Amino acid sequence: RAASELTGMYFIKLRLSDVDGNTISDNFYWKSADGAKDDYTKLNSLPSADITGTVQLCTIEGHDTKMRVNVVNNSPTVAFGVRLRFVDESTGKRILPVIMPDNYITLMPGESRDMDVEFDNRFNPDVTPVLMLKQYGYDEQRADVADGISVVERPSQNLRLQLASDGSLLSFGIDADEVTRAAI
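Residues numbered from 1 in each chain as written. Predicted model: local features only at pLDDT ≥ 70, side-chain atom pairs only at ≥ 80, totals over all residues. Heavy atoms only, no water.

S.K.: Report on the confidence of the model for the protein, specifying residues and quantitative values.
M.R.: Per-residue confidence for the protein gives a mean pLDDT of 78; residues scoring 70 or more make up 73%. Residue range residues 168-184 is modelled with pLDDT below 50. Its contacts to residues more than four positions away, or to other chains, number 43 contacts. (pLDDT = per-residue confidence, 0-100. Contact = heavy atoms within 4.5 Å.)

Laid out in structure tokens, this is it:
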């Protein structure tokens, strides 16, 4: 639609793709068309979106825990300002530092986003990571682990596990004589 036809709050999603359809860059903007420059109070009345998140793949190798996370907006409304964070399942304490490409994301209706996330086990010993999602203006919720992925006890730094979303073991490696138990 033409900008002159827009009323209230509106969103702009721009995606730059290469010739093969791979995303090079994407950007998201929110604007107010009511003549009140920079009046974004309507964000406070956005309806809640049905968002789900899953940890689809977890690899533990040496000091590094790497996860593939998928977040989906299952709603006919925009999921605005969704914050992702990881906490330890037993303590509820935030796992830091965590490296991820984005922390706050906005998803259009039906849109999903995959992200690779990692953290260093030396700073977070003996944790079981849980993904938490919080949409702007709404309570935080716990995300699910994809069907079939078991929680892996923190292995010694010499054990490498890679699990698929169907629960199958993709790879396994041991670099020493003694390792701690891992549940698969």
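S.K.: Explain the nonpolar core to me, using residue names and the numbers behind them.
M.R.: Met67, Val69, Leu84, Leu131 and Leu133 are the most contacted members of the largest nonpolar core, which has 22 residues in total. Elements that contribute at least two residues to this core include exactly β3 (51-61), β4 (64-73), β5 (79-88), β7 (104-107), β8 (112-120) and β9 (129-134). Once residues within four sequence positions are removed from consideration, Leu131 is found in contact with Gly53, Thr54, Val55, Val69, Leu84, Arg85, Phe86, Gln141, Arg142 and Ala143. Phe28, Leu46, Val78 and Phe80 belong to the second largest nonpolar core, which has six residues in total. (Core = buried A, V, L, I, M, F, W, Y, C linked by side-chain atoms within 4.5 Å. Buried < 20%, exposed > 50% of the residue type's maximum accessible area, 1.4 Å probe, protein only. Helix = DSSP H or I, 4+ residues; strand = E, 2+ residues; numbered from the N terminus.)

S.K.: Break down the pairing of β8 for me, citing the residues and quoting the values.
M.R.: Where β4 and β8 come together, nine bridges link them in antiparallel fashion. If you follow Met67 over to β8, its bridge partner there is Val117. Relative to β8, strand β6 (residues 98-99) runs antiparallel, the two sharing two bridges. Paired with Val98 across the two strands is Phe119, which belongs to β8. (Pairing = 2+ DSSP bridges.)

S.K.: Can you lay out unusual backbone geometry for me, pointing to particular residues and giving the numbers?
M.R.: Between Leu96 and Pro97 the backbone carries a cis peptide bond, its omega angle lying at -10°. Within the secondary structure, Pro97 sits in the loop between β5 and β6. A positive phi is found at Asp126, a non-glycine position, where the angle reads about 60°. Mapping Asp126 onto the fold places it in the loop between β8 and β9.

S.K.: Outline the sheet that holds strand β10 (residues 140-142), supporting the account with residue identities and numerical values.
M.R.: On the basis of which strands lie adjacent, the open sheet formed by four strands has the order β7-β5-β9-β10 and antiparallel pairing. Lying at the two open borders of the sheet, with one neighbouring strand each, are β7 and β10. Each strand of the sheet is rotated relative to its neighbour by a mean of 35°, with strand direction disregarded. Where β9 lies against β10, three bridges are found, and the strand directions are antiparallel. Paired with Leu133 across the bridge in β10 is Gln141. (Axes fitted to C-alpha atoms, helices over the stretch in contact; angles between N-to-C directions.)

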